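# Observations on chain architecture
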Amino acid sequence: MSSLAVSQAEPVAGTAPGTAQGRPPLRRRIALIPTVTLLLGAIYCLLPVAWVVIAATKSGSELFSTFTFLPGTGFADNVRDLSAYREGVYWQWMGNSALHAGLGALLSTCVSAFSGYALAIYRFRGREAIFNVLLAGVLMPPVILAIPQYLLLAKADLTDSSLSVLLPQILSPYGVYLARIYAAAAVPADVVEAGRMDGASEWRIFTRIALPMMIPGMVTVFLFQFVAIWNNFLLPYIMLSDDEKFPITLGLFTLLEQGANTPALYTLVITGAFLAVLPLVALFLVIQRFWSLDLLSGAVKS
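In this text, all values refer to a predicted model and were calculated from it rather than measured experimentally.

## Section: the environment of Leu-82
- For Leu-82, the location among the structural elements is in helix 4 (residues 75-84).
- Separated by 189 residues in sequence, Leu-82 and Thr-271 place their C-alpha atoms 7.7 Å apart.
- For Leu-82, the residues in contact, after removing those within four places along its chain, are Tyr-90, Leu-255, Leu-268, Thr-271, Gly-272 and Leu-275.

Structure, rendered in structure tokens:
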């Protein structure tokens, strides 16, 4: 009986006629397809970043004469030349971008938090219509609004100023949409009603009860809006004419245009693009840490 049981168990072990020895099951091979696809997508996205990082280390002579992904020896000289270009106008561009992105993202996050909380908690006539308009704003390309915004700000005599770049960024339909969705999911209606029964004002309920619950979502809104303003090119291109008020995107664009006549400026453009990415990477790493802590603390409190 024991020998019969062993002989019957042998086909189950993978030695049945017609099956390949050691070949992974079909289900496992299919499960590798998403992993391979994501890996190829990551390589596609990171390859230009790797090129910028390596090219920023090359001098003007090494940039066009050495292998593409072979590091150079001129990074320190490139940073020195970039800082000396027009008495350090590059760092003024970086400061303008930091001002626009930091202040604009902070104000936009506040407006999104107020608006999203109101749309999620309060019941009033026209609430769904307002939310549908916001959804339409999310789907609308920014290029459509650029000319009307310019005409409005020109009528108010605000063009060629930091306000012309900052004001249109404060109201973000996508930020309000995210805040509304997150407030509806994270702020229980029973908690709000309990605060009202205890005699707390609506402002106190929002600042002391609802806002701490919404912080992880608001951190996400801040990050998205900061990156969007930092990388914005079209709006400053339309609004600004004084190059000392340019953000980093528009400043590098003008520097690249001058590089068509002066090839030596290409190394400055590449080095400037590499340095312009570093604040975004640092911000993401810092905010990701606080975002994880906020999510963890919210889970513990609940």
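## Structural notes on the confidence of the model for the protein chain
- Residues of the protein chain with pLDDT of at least 70 account for 86%, and the chain-wide mean is 83.
- Per-element mean pLDDT across the protein chain ranges from 46 in helix 1 (residues 2-9) up to 94 in helix 5 (residues 89-121).
- In this model residues 1-19 is a low-confidence stretch, pLDDT under 50, and it forms 5 contacts with partners more than four residues away in sequence or in other chains.
- Contacts of residues 293-302 to residues separated by more than four positions or lying in other chains number 5 contacts, the stretch itself having pLDDT below 50.

## Considerations on the nonpolar core
- If you look at the biggest cluster of nonpolar residues, it comprises 37 residues, and the most contacted ones within it are Tyr-90, Phe-226, Trp-230, Ile-248 and Leu-255.
- Looking at this core, the elements with two or more residues in it are helix 5, helix 11 (202-230), helix 12 (234-239), helix 13 (248-259) and helix 14 (265-301).
- If one sorts the elements of this core by residue count, helix 14 sits on top with 10 residues.
- Those residues within four positions of Tyr-90 in sequence are excluded, and the remaining contacts are Leu-82, Ile-248, Leu-252, Gly-272, Leu-275 and Ala-276.

## Quick notes on the side chain of Lys-58
- In this structure, Lys-58 sits in the loop between helix 2 (26-55) and helix 3 (60-63).
- For the buried Lys-58, no salt bridge is present, and the opposite-charge side chain at shortest range is Glu-62, 7.2 Å distant.
- In this structure the side chain of Lys-58 is engaged in a polar contact, spanning 2.5 Å, whose partner is the backbone oxygen of Phe-67.
- Polar side-chain contacts of Lys-58 include one of 3.4 Å to the backbone oxygen of Leu-70.

## Considering the packing of aromatic side chains
- Scanning the entire structure with this criterion turns up 16 aromatic pairs.
- Aromatic side chains Phe-131 and Tyr-177 sit 5.9 Å apart centroid to centroid with 25° between the ring planes, which places their arrangement in the stacked category. Separated by 46 residues along the polypeptide, Phe-131 in helix 6 (residues 127-139) and Tyr-177 in helix 9 (residues 173-186) bring together distant segments of the chain.
- On the numbers, 6.2 Å between centres and 25° between planes, the contact of Tyr-174 with Phe-224 is stacked. Placement of Tyr-174 in helix 9 and of Phe-224 in helix 11 is noted, with a sequence separation of 50 residues between them.
- On the basis of relative accessible area, Tyr-174 is assigned to the partly exposed category, the value being 39%.
- Relative accessible area serves as the criterion here: at 41%, Phe-224 is assigned to the partly exposed category.

## Examining the pattern of salt bridges
- For the coordinates displayed, the defined rule picks out 6 salt bridges.
- We note a salt bridge from Asp-77 to Arg-80, for which the minimum N-O separation is 2.6 Å. Of the two residues, Asp-77 and Arg-80 are both situated in helix 4; the distance of 3 residues between them amounts to about one turn of the helix.
- It is possible to trace a salt-bridge network through shared partners that takes in Arg-127, Glu-128 and Arg-180.

## Here's the deal with helix 7 (residues 142-155)
- An ideal rise of 1.5 Å per residue puts 20 Å on 14 residues; helix 7 measures up with 20 Å between its terminal C-alpha atoms.
- Positive backbone phi, at 60°, marks Asp-157, one or two positions downstream of helix 7.

## Some details on unusual backbone geometry
- Unusually for a residue other than glycine, Asp-157 sits at a positive phi of about 60°.
- Secondary-structure assignment places Asp-157 in the loop between helix 7 and helix 8 (162-170).
- Using a relative accessible area of 66% as the deciding quantity, one classes Asp-157 as exposed.
- A positive phi angle, close to 60°, is found at Asp-160, a residue other than glycine.

## Some words on a nonpolar patch on the surface
- Residues Met-140, Val-143, Ile-144, Leu-145, Leu-234 and Tyr-237 make up a contiguous nonpolar surface patch of about 520 Å² in total accessible area.
- The leading source of residues in the nonpolar patch is helix 7, at 3 residues.
- Looking at where Met-140 falls in the secondary structure, it is placed in the loop between helix 6 and helix 7.
- Overall, the relative accessible area of 35% leaves Met-140 in the partly exposed class.

## Quick word on the environment of Leu-163
- Relative to the elements of secondary structure, Leu-163 occurs in helix 8.
- In this structure Leu-163 comes out as partly exposed when scored by relative accessible area, which is 41%.
- In sequence terms Leu-163 and Met-239 are 76 residues apart; their C-alpha atoms lie 9.7 Å from each other.

Definitions and limits used
Residues numbered from 1 in each chain as written. Predicted model: local features only at pLDDT ≥ 70, side-chain atom pairs only at ≥ 80, totals over all residues. Heavy atoms only, no water. Helix = DSSP H or I, 4+ residues; strand = E, 2+ residues; numbered from the N terminus. Contact = heavy atoms within 4.5 Å. pLDDT = per-residue confidence, 0-100. Core = buried A, V, L, I, M, F, W, Y, C linked by side-chain atoms within 4.5 Å. Buried < 20%, exposed > 50% of the residue type's maximum accessible area, 1.4 Å probe, protein only. Lys, Arg positive; Asp, Glu negative; His and termini not counted. Salt bridge = Lys/Arg side-chain N within 4 Å of Asp/Glu carboxyl O. Polar contact = N/O pair within 3.5 Å; in protein donor to acceptor, adjacent residues only side chain to side chain. Phe/Tyr/Trp six-rings, centres within 6.5 Å; stacked < 30°, edge-to-face > 60°. Expected span 1.5 Å × (residues − 1). Patch = residues over 30% accessible without salt bridge, like charges linked within 9 Å, V, L, I, M, F, W, Y side chains within 5 Å. Areas by Shrake-Rupley, 256 points an atom, 1.4 Å probe, with all protein chains shown as cover.

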